[in-house]
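Structural description and commentary
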Amino acid sequence: IGLINMNLGNLDSAVTSLEWALAYSPNYAEAYNNLGAVFQELTLYQEAMEQYEKATSINPNYALAFNNLGISSETMGLRDKAKINYNQAITIDSSYAEAHRNLSAIKQYTKIDSQVEQMESLYSMNSLSQSNRVNLCFALAKVNEDLNNENEFIKYLDEGNQLRKQDLNYSYKSIEKFHSNLTITAKSFPSISKQLVVESLTKKPIFIVGMPRSGSSLVEQIISSHKNVYGFGELNNLKTSVNPYIESIFNSDLNNKLTKKDLINIRNEYLKSIEPLKIKEAVFTDKMPLNFEYIGFIVKAFPEAKIIHLKRDARAVCWSIYKNYFSGKGNGWAYDMTDIVNFYRSYVKTMNTWHKMFPNQIYDVSYEKLTVNQKVETEKLLEHCDLSWDNNCMNFHKNTRGVKTASSS
């Protein structure tokens with residue numbers, strides 16, 4: 001029941017079920033591992049680590065739990081601990097391709113490294129599953145990048161991306177139309193009353209949007225270092241709240257219109273979905289980059305929200321995306337050069353439309369300017385967010401909150 005609830009997104013119920021299971025069977029290593037996974041999903045990373053540690057203590061040969069402990073350790077910035085746990089997972093199961101890839105992302109390789117031999121041996125096996133081959137390709141690409149073997153680096157990277165695209169069965173056909181339809185329908189959205197906002201306001205959201213790999217994790221780390229702000233990281237909650245309404249509108253050939261009641265429902269469902277996380281801060285950040293697609297919904301359903309849009313050199317963004325393995329099943333466009341460029345163009349077009357529709361309601365942050373003039377840009381950023389100056393924002397690298405994305409390091 002715990003796993004079923006977890007897969008359905010009923011995380012509070014999943015925690016309850018798994019805790020009952022452990023009350024009956026205190027030495028149930030799998031239940032501890034699953035409870036850790038639920039806490040990880042709830043962004044309770046310290047609690048997740050504790051559960052994974054219990055699982056590995058009960059079963060020292062539990063490779064999956066060691067890999068998960070590595071992930072949660074990396075999320076918390078504990079790179080040395082992460083390396084130890086990924087290595088332990090590989091020691092238990094040398095064919096554990098995902099653990100090899102996870103380790104490769106935080107390790108610097110030299111020409112003499114036994115892990116490289118293990119991965120190359122696995123890669124040469126005809127019986128290797130496609131998903132395992134994908135993991136190994138990205139890992140071996142990282143190895144050859146570290147060793148400056150350019151041809152081998154590109155060979156493995158291209159193969160990994162090609163197989164990952166096949167794995168996800170992705171075809172870039174309708175995304176530009178999807179973005180266009182979102183901006184068209186948003187023009188007819190009503191506005192909800194300011195009185196309702198005042199009455200229902202419990203926590204004030206800051207949405208950080210843009211392309212993946214554009215610097216959104218950095219900006220969230222800076223803002224969430226403020227004493228009055230909690231950083232949630234990448235939440236799927238907004239997408240979950242708006243998707244039923246998007247499907248209804250698109251299935252009617254855009255004839256259905258969003259009502260004030262719909263917007264209130266979206267607002268209430270989103271705010272309710274974060275209540276179980278029980279934060280004490282007055283402001284929180286949601287840095288799901290692709291929420292740029294839903295800016296029309298954000299402006300209309302959350303008029304009090306701040307929207308921060310990250311802009312970074314297109315070449316840096318697109319190349320970084322191509323080099324990166326995304327653990328979820330979204331971002332199917334991210335594994336093909338042409339798809340990435342097409343998506344980027346559609347993103348730029350969509351953002352230009354949002355800026356025209358909602359002037360002065362979207363704050364652009366240049367990644368390059370931020371990294372060169374941190375204090376000046378941070379001052380402007382905090383001022384836009386109606387936040388007083390907090391020197392902790394200059395020391396964002398000391399922030400101990402978990403960072404779940406590829407930017408964790």
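Everything numeric in this text was worked out from a predicted model, so none of it was measured.

With that settled, the discussion passes to the overall build of the protein. Of the regular secondary structure elements, the protein holds 20 helices and 5 strands. For the protein, the C-alpha radius of gyration of 22 Å lies close to 22 Å, the compact-globule estimate for 409 residues. Judged by the C-alpha coordinates and their principal axes, the protein covers about 60 × 55 × 50 Å. Each of the 409 residues in the protein was classed as buried or not, and the buried ones make up 52%. For the protein, restricting intrachain contacts to residue pairs at least 6 apart in sequence, the fraction spanning at least 24 positions comes to 71%. A total accessible area of about 19800 Å² is found for the protein, and carbon and sulfur atoms account for 49% of it. Considering the protein, the positive charge centre built from 45 side chains and the negative charge centre built from 44 side chains are found 6 Å apart.

Where empty space is left in the structure can be found by rolling a water-sized probe over the atoms. Following the criterion strictly, the structure yields 2 cavities of 30 Å³ or more and no others. Considered as a void within the structure, the second largest cavity measures approximately 30 Å³ in volume. As for the second largest cavity, its lining consists of Thr 185, Ser 188, Phe 189, Ile 249, Leu 254, Asn 256, Lys 257 and Leu 258. Classifying every residue of the lining of the second largest cavity gives 4 nonpolar, 3 polar and 1 charged.

Locating Arg 164 in the fold gives a position in helix H10 (residues 150–168). The class of Arg 164 is buried, set by a relative accessible area of 6%. Along the backbone, Arg 164 and Ala 334 are 170 residues apart, and their C-alpha atoms lie at a distance of 9.4 Å. Contacts of Arg 164, omitting those with residues within four sequence positions, involve Val 134, Tyr 325, Phe 326, Ser 327, Gly 328 and Tyr 335. One polar contact links Arg 164 to Tyr 335, side chain to side chain, over a distance of 3.5 Å.

Averaged over all residues, the pLDDT of the protein equals 91, while 95% of them reach at least 70. Residue range residues 401–409 is modelled with pLDDT below 50. Its contacts to residues more than four positions away, or to other chains, number 27 contacts.

Right, let's get into the packing of aromatic side chains. Counted under the stated rule, the structure contains 21 aromatic pairs. Here the aromatic rings of Phe 138 and Tyr 335 are separated by 6.5 Å at their centres, their planes lie at 85°, and the arrangement is edge-to-face. Of this pair, Phe 138 sits in helix H9 (residues 130–146) while Tyr 335 sits in the loop between helix H17 (314–323) and helix H18 (337–357), placing them 197 residues apart in sequence. Ring centres 6.2 Å apart and planes at 85° place the aromatic pair Phe 153 and Trp 319 in the edge-to-face group. Separated by 166 residues along the polypeptide, Phe 153 in helix H10 and Trp 319 in helix H17 bring together distant segments of the chain. The exposure class assigned to Trp 319 is partly exposed, which follows from its relative accessible area of 33%. Taken together, Phe 207, Tyr 230, Phe 232, Tyr 270, Phe 284 and Phe 302 form an aromatic cluster joined through their ring pairs. When the ring centre of Tyr 156 is taken as origin, the NZ or CZ atom of Lys 155, which lies over that ring, is 4.4 Å away. Over the ring of Trp 389 we find Lys 375; its NZ or CZ atom is 4.9 Å from the centre of that ring.

Let us look at the pairing of strand S1 (residues 204–209). Of all 6 residues in S1, 5 are buried, a share of seventy percent or more. Direction of pairing for S1 relative to strand S3 (residues 283–286): parallel, over a ladder of 4 bridges. The partner of Phe 207 across the bridge, within S3, is Asp 286. Across 4 bridges, the pairing between S1 and strand S4 (residues 306–311) is parallel. By the bridge assignment for S4, Ile 208 is matched with Ile 308.

Definitions and limits used
- Residues numbered from 1 in each chain as written.
- Predicted model: local features only at pLDDT ≥ 70, side-chain atom pairs only at ≥ 80, totals over all residues.
- Heavy atoms only, no water.
- Helix = DSSP H or I, 4+ residues; strand = E, 2+ residues; numbered from the N terminus.
- Rg over C-alpha atoms; globule rule 2.2 N^0.38 Å.
- Buried < 20%, exposed > 50% of the residue type's maximum accessible area, 1.4 Å probe, protein only.
- Contact = heavy atoms within 4.5 Å.
- Areas by Shrake-Rupley, 256 points an atom, 1.4 Å probe, with all protein chains shown as cover.
- Lys, Arg positive; Asp, Glu negative; His and termini not counted.
- Charge placed at Lys NZ, Arg CZ, Asp CG, Glu CD.
- 1 Å grid on protein atoms, 1.4 Å probe; cavity = no way out; pocket = protein on both sides within 12 Å on 5 of 7 lines; lining within 4 Å.
- Points joined across faces, edges and corners; volume = space filled by probe spheres on them.
- Nonpolar A, V, L, I, M, F, W, Y, C, P; charged D, E, K, R; others polar.
- Polar contact = N/O pair within 3.5 Å; in protein donor to acceptor, adjacent residues only side chain to side chain.
- pLDDT = per-residue confidence, 0-100.
- Phe/Tyr/Trp six-rings, centres within 6.5 Å; stacked < 30°, edge-to-face > 60°.
- Lys NZ or Arg CZ within 6 Å of the ring centre and 35° of its normal.
- Pairing = 2+ DSSP bridges.

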